[in-house]
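Take a look at the letters that make up each chain.
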Amino acid sequence: MFPGKVNPRMLKKMQKMMKDFGMETEDLDAKKVIFVFEDEEWIFEEPKIQVMDILGVKTYSITGKPKKIKKEKIEEEEVKVEITEEDVELVAKQCNVSKEEARKALEECNGDIAEAILKLEEEKEGN
């Protein structure tokens, strides 16, 4: 916009005009700025940050070179709960149901005996 160096008097005049139009700027002293994306992070160490306030709307300008870090995807593994024969017998006896019904309830409740018993009792009451 301005070739060469800016005249200090002209700079003061520009700053006054900006202020008259409701524009103010401020430099921030930040140590680190991190942008977190779905697949990576950008880390700015010792960035230069300028905030421009135009009629109450703030715009942040960050200058610096980010260090980009890729995120590793962690695949969720399905956890298989071991259901013992003793658990099946206990639930079947407690609820007076077949072992097959007891095993099915335990599988649906991820092996939680108390939850399986409650589930079977609720099913009995519903019928």
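These lines cover the structure that appears in this document, whether it is placed above or below. Note that the structure is predicted; figures quoted are calculated from it, not measured.

### Details of the packing of aromatic side chains
Right, on to step 1. Taken as a whole and assessed by the stated rule, the structure comprises four aromatic pairs.
Right, on to step 2. Taking 6.4 Å as the distance between ring centres and 80° as the angle between the ring planes, the aromatic pair formed by F35 and F37 counts as edge-to-face.
Right, on to step 3. Residue classification places F35 among the partly exposed positions, given a relative accessible area of 32%.
Right, on to step 4. Of the residues examined, F37 reaches a relative accessible area of 34% and is grouped as partly exposed.
Right, on to step 5. Between F35 and W42, the ring centres sit 6.4 Å apart and the planes meet at 40°, which makes this aromatic pair tilted.
Right, on to step 6. The partly exposed category is assigned to W42, whose relative accessible area is 23%.
Right, on to step 7. Grouped by ring-pair contacts, the aromatic residues F35, F37, W42 and F44 constitute a single cluster.

### Describing the packing of helix 2 (residues 85-95) against helix 3 (residues 99-108)
Right, on to step 1. The interhelical angle for the contact between helix 2 and helix 3, taken along N-to-C directions, is 110°, at an axis separation of 8 Å. On the basis of their axis angle, the class for helix 2 and helix 3 is roughly perpendicular. Handedness of the helix 2/helix 3 crossing: right-handed. On helix 3, the residues that touch E85, D87, V88, E89, V91 and A92 of helix 2 are K99, A102, R103 and L106.

Criteria and thresholds
Residues numbered from 1 in each chain as written. Predicted model: local features only at pLDDT ≥ 70, side-chain atom pairs only at ≥ 80, totals over all residues. Heavy atoms only, no water. Phe/Tyr/Trp six-rings, centres within 6.5 Å; stacked < 30°, edge-to-face > 60°. Buried < 20%, exposed > 50% of the residue type's maximum accessible area, 1.4 Å probe, protein only. Axes fitted to C-alpha atoms, helices over the stretch in contact; angles between N-to-C directions. Helix = DSSP H or I, 4+ residues; strand = E, 2+ residues; numbered from the N terminus. Parallel < 35°, antiparallel > 145°, perpendicular 65-115°, else oblique. Left-handed = near helix turned anticlockwise from the far one by under 90°. Contact = heavy atoms within 4.5 Å.

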